[in-house]
Amino acid sequence: MPLTFKSLSHGEIPFGFFNIETDMVLLDNHFFFASDMAVHVVGMAMGESGTTCTQEWDVYVLEEARIGNLMGAISGVYLHGFIGEVYSHFPFPCDPDEFKQNPEGYTRRELVEGIVQRYAKPSRIAVALDPGAKTIRIGQYLFDDKGFRHLLNYLWIGGYPKWKAGMQPGYIIEMKNAVEISRSPFFRDTAFD
């Protein structure tokens, strides 16, 4: 489930998985795949230390009315909007013990991408990591290094409710390994739980 994280630009904003059967995450009203984010982070972590790194990320920016209602979708009573339609394919489990993030959620990308494209067109946002200032701007959202490390740790643990059987997907393990050996001051002191 998405949790709130501190940004420098917008205060507390939601970030995280919104359905346990897909690897799509939301950052406020921006939706993108955790597997893509992990690849981008690897690129940043392995880049030249001390230099600004700029990238473009593929995202879907949804108008609030088109997102849907997460709590209504979880309960199965409001399956409208993007999130509701995803839950119509992957309902919340009846058994609370089955409420774990599926490490193979990336295999459902084609289906989820088909759904989200009915609600928003794909777009690209600029992402800029400034190791000197120890900030990263993801579109309009600005995070300091500590705030961004919290997002990375969320991905590492599988958010809430954590990865099924404690097994992270390969792209998350690769991200963690790249961050831990990075020479960039931005990633210094990153600790994964």
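Residues numbered from 1 in each chain as written. Predicted model: local features only at pLDDT ≥ 70, side-chain atom pairs only at ≥ 80, totals over all residues. Heavy atoms only, no water.

Asks: I keep staring at the overall build of the protein and nothing clicks. Help me out?
Replies: Along its length, the protein carries 7 helices and 8 strands. For the protein, whose C-alpha radius of gyration is 16 Å, the value lies close to the compact-globule estimate of 16 Å for 193 residues. When the backbone C-alpha atoms are referred to their principal axes, the protein occupies close to 50 × 35 × 30 Å. In the protein, which comprises 193 residues, the share counted as buried stands at 50%. A separation threshold of at least 6 residues defines the contact pool for the protein, and within that pool the share at least 24 residues apart is 63%. (Helix = DSSP H or I, 4+ residues; strand = E, 2+ residues; numbered from the N terminus. Rg over C-alpha atoms; globule rule 2.2 N^0.38 Å. Buried < 20%, exposed > 50% of the residue type's maximum accessible area, 1.4 Å probe, protein only. Contact = heavy atoms within 4.5 Å.)

Asks: Please explain the packing of helix 1 (residues 34-46) against helix 7 (residues 170-181) as it appears in this structure.
Replies: How two helices pack is summed up by the angle between their axes together with the distance between the axes. Put simply, helix 1 and helix 7 touch, their axes get as near as 9 Å, and they point 20° apart. Here helix 1 lies roughly parallel to helix 7, going by the angle between them. Read as a crossing pair, helix 1 and helix 7 show a hand that is left-handed. In this structure, helix 1 contributes Ala-34, Ser-35, Ala-38, Val-41, Val-42, Ala-45 and Met-46 to the contact, and helix 7 contributes Tyr-171, Glu-174, Met-175, Ala-178, Val-179 and Ile-181. Grouping the amino acids of the contact of helix 1 with helix 7 by side-chain chemistry returns 11 nonpolar, 1 polar and 1 charged. (Axes fitted to C-alpha atoms, helices over the stretch in contact; angles between N-to-C directions. Parallel < 35°, antiparallel > 145°, perpendicular 65-115°, else oblique. Left-handed = near helix turned anticlockwise from the far one by under 90°. Nonpolar A, V, L, I, M, F, W, Y, C, P; charged D, E, K, R; others polar.)

Asks: Help me out: how do you make sense of the side chain of Gln-101 in this one?
Replies: Its location among the elements puts Gln-101 in the loop between helix 4 (81-89) and helix 5 (109-116). A polar atom in the side chain of Gln-101 sits 3.0 Å from the backbone oxygen of Thr-22. Those residues within four positions of Gln-101 in sequence are excluded, and the remaining contacts are Phe-17, Asn-19, Ile-20, Glu-21, Thr-22, Gly-158, Pro-161, Lys-162, Trp-163 and Lys-164. (Polar contact = N/O pair within 3.5 Å; in protein donor to acceptor, adjacent residues only side chain to side chain.)

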